[in-house]
Amino acid sequence: MGTGHGMLFAVIGLVVLHGWSLFPALATLHYYNFVLKEANFTKLCSTKSMLTVNGSFPGPEIRVHKGDTAFVTVHNNGTYGVTIHCLPSIANKSAAGNFTNLLRSLASKDHPVNVPLNITKRVFMAVSVNQDPCPATAPCGGPNNNSLTASMNNISFASPSIDILQAYYGQLTKKNAYLKRVYNTTFPDKPPYMFNFTGDVGNNTLYPSHGTDVKMIKYGAAVEIIWQGTNIGAAENHPMHLHGYNFYVVGMGDGNFDKKTSPSTYNLVDPPLVNTIGIPKKGWATIRFFANNPGVWFMHCHLERHASWGMATVLIVENGRTEDERILPPPGGMPACSKP
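Residues numbered from 1 in each chain as written. Predicted model: local features only at pLDDT ≥ 70, side-chain atom pairs only at ≥ 80, totals over all residues. Heavy atoms only, no water.

Chemist: Tell me about the overall build of the chain, and name the residues and values.
Modeler: A count of helical and extended segments in the chain gives two helices and 21 strands. By the burial criterion, 42% of the 340 residues in the chain qualify as buried. In the structure as shown, the chain presents an accessible area of about 18,300 Å², 55% of it carried by carbon and sulfur atoms. (Helix = DSSP H or I, 4+ residues; strand = E, 2+ residues; numbered from the N terminus. Buried < 20%, exposed > 50% of the residue type's maximum accessible area, 1.4 Å probe, protein only. Areas by Shrake-Rupley, 256 points an atom, 1.4 Å probe, with all protein chains shown as cover.)

Chemist: Talk me through the sheet that holds strand E3 (residues 29-43); I want residue IDs and the actual numbers.
Modeler: By way of backbone hydrogen bonds, the strands of a sheet pair with one another, either parallel or antiparallel. Strand order across the open sheet formed by three strands is E4-E3-E6, with mixed pairing between neighbours. Whereas interior strands pair on both sides, the edge strands pair on one side only; in this sheet they are strand E4 (46-53) and strand E6 (69-76). Each strand axis lies, on average, 25 degrees off the axis of its neighbour in the sheet, ignoring direction. Pairing of E3 with E4, which is carried by eight bridges, proceeds in the antiparallel orientation. Bridging across to E4, Asn40 finds its partner in Ser49. (Pairing = 2+ DSSP bridges. Axes fitted to C-alpha atoms, helices over the stretch in contact; angles between N-to-C directions.)

Chemist: Could you give an account of the state of the cysteines, naming the residues involved and the relevant values?
Modeler: Counted under the stated rule, the structure contains one disulfide. One disulfide bridge connects Cys134 with Cys140, the sulfur atoms lying 1.7 Å from each other. The sign of the -100 degrees torsion about the S-S bond sets the Cys134-Cys140 disulfide as left-handed. Here Cys140 falls in the partly exposed class, since its relative accessible area comes to 42%. (Disulfide = S-S within 2.5 Å.)

Chemist: Summarise unusual backbone geometry; cite the residues concerned and give the values.
Modeler: In this model, Asn54 sits at a positive phi of 55 degrees, which is unusual for a non-glycine residue. Turning to its location among the elements, Asn54 is positioned in the loop between E4 and strand E5 (62-65). Judged by its relative accessible area of 41%, Asn54 falls in the partly exposed class.

Chemist: Kindly report on the packing of aromatic side chains, identifying the contributing residues and their values.
Modeler: Aromatic rings in a pair are described by how distant their centres are and how their planes are angled relative to each other. Applying the stated criterion to the full structure yields 12 aromatic pairs. For the pair Phe257 and Trp284, a centre-to-centre distance of 5.1 Å together with 85 degrees between the ring planes defines the contact as edge-to-face. Of this pair, Phe257 sits in the loop between strand E16 (247-254) and strand E17 (273-274) while Trp284 sits in strand E19 (residues 283-290); the two residues are 27 residues apart in sequence, bridging distant segments of the chain. Each member of the pair, Phe257 together with Trp284, is buried. Arranged with centres 6.5 Å apart and planes meeting at 55 degrees, the rings of Tyr266 and Trp284 form a pair that is tilted. With Tyr266 in the loop between E16 and E17 and Trp284 in strand E19, the pair connects residues that are 18 residues apart, well separated along the chain. Note on Tyr266: relative accessible area 13%, which makes it buried. Residue Trp284 is classed as buried on the basis of its relative accessible area, which comes to 4%. Ring pairs connect the aromatic residues Phe124, Tyr193, Phe195, Phe197, Phe257, Tyr266 and Trp284, which therefore count as one cluster. (Phe/Tyr/Trp six-rings, centres within 6.5 Å; stacked < 30°, edge-to-face > 60°.)

Chemist: Break down the nonpolar core for me, with residues and values.
Modeler: Counting 30 residues, the largest nonpolar core has Met152, Ile225, Trp227, Phe247 and Phe289 as its most contacted members. With four residues, the single largest contributor to this core is strand E9 (residues 121-132). Look past the residues within four positions of Met152 in its chain and what remains in contact with it is Met125, Ala126, Val127, Phe187, Trp227, Met240, Met299, His300, Gly310, Met311, Ala312 and Thr313. (Core = buried A, V, L, I, M, F, W, Y, C linked by side-chain atoms within 4.5 Å. Contact = heavy atoms within 4.5 Å.)

Chemist: Could you give an account of helix H1 (residues 164-172), with specific residues and numbers?
Modeler: For H1, the set of buried residues is Ile164, Gln166, Ala167, Tyr168 and Gly170. Buried positions along H1 lie against strand E11 (155-157), strand E13 (214-217), strand E20 (295-301) and strand E21 (312-317). Sitting at the amino-terminal end of H1 is Asp163, which places a side-chain oxygen 2.9 Å from the backbone nitrogen of Leu165. Downstream of H1 by one or two residues, Lys174 has phi in the positive range, about 60 degrees. (Polar contact = N/O pair within 3.5 Å; in protein donor to acceptor, adjacent residues only side chain to side chain.)

Chemist: An account of the sheet that holds E20 is requested, with residue identities and associated values reported.
Modeler: Strand order in the open sheet made by the five strands is E13-E21-E20-E15-E18, with mixed pairing throughout. On the outer flanks of this sheet lie E13 and strand E18 (276-279), each paired with one strand and no other. Strand-to-strand twist in this sheet, taken as the mean axis angle between neighbours without regard to direction, amounts to 20 degrees. In this sheet, E21 lies alongside E13 in parallel orientation, the contact comprising four bridges. When the sheet's bridge partners are listed, Ile217 is paired in E21 with Val317. Set on the sheet, H1 makes contact with E13, E20 and E21; between it and E21 the angle comes to about 30 degrees.

Chemist: Lay out the pattern of salt bridges with the relevant residues and their values.
Modeler: Opposite charge on two side chains allows them to pair when their charged atoms are near. Across all of its chains, the model carries six salt bridges by this definition. In this structure, Arg63 and Glu61 form a salt bridge, with 2.5 Å as the shortest nitrogen-oxygen distance. The class for Glu61 is partly exposed, based on a relative accessible area of 38%. Across the pair Lys215 and Asp189 runs a salt bridge whose closest N-O atoms are separated by 2.6 Å. Of this pair, Lys215 sits in strand E13 while Asp189 sits in the loop between H1 and strand E12 (209-211), and the two are 26 residues apart along the sequence. Under the relative-accessibility criterion, Lys215 is labelled buried at 8%. (Salt bridge = Lys/Arg side-chain N within 4 Å of Asp/Glu carboxyl O.)

So, in structure tokens, the structure goes:
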């Protein structure tokens, strides 16, 4: 779905796709109606108000077979805007109905490995927990009386008042030229300067810049992204997630990524295919994918506090040449995500 106006992420439900069975099921239609609302919810002996889906958290399960069509209607009765995206799991069962496996990480005839080998777009992203200075007359209560923030390549993502997907589509249709001011296409391919990311970082890039900076990707590009953890602020295992894509985790290691030696450890034969990967604490992880799904895709740490602090960016995969390689237009009558 791209990016949304709010920075609140609601778990609507788990999509379980059944792959193999003794008797293949006929394709069927499924209809789901989800109502998001604030409700008192009790977990671990504590009751608090939270966003629930049909009164529960996590939300209801969506269970379908390969080839089925599911229509999901979501009513947002909460107080914030939300983003919606699928996190599908593959439930493979034997003919006897036993070995359910919710993690697709091995190659098979139905899931062949197609790892990009000749990379045409490479991005190195350092992820950090940072600080923003506060006036001496109004300290914020964080480290050094500053406020906490987070960044990728020393840029803390600033949520725009107009949805990026809406702004980007307006530019494609040559409507509302002023929407170009909603975001900048200047997200860098590497940090402002290189240093010992996992060592004694001192005050290196402690204070990031703030902006709605996105990374433009050509359709069909063979993309490699190297996520580098840092000791800035506090070292952490960051679960990085990309909307719109599954990706291959081809490498992972401790310490600083070394462009000469680290690639020799890559698994380009049968790497796991996922949509979220934890960057090791004081370490790095490398992913690869083909940019074959045009659109506006949010990339962020799945620790919601870090995402709300700005550990995020947006990948805009540009249109290709044919109709099948172009972003779909919004459905007729669909209300705007936000008002200009």
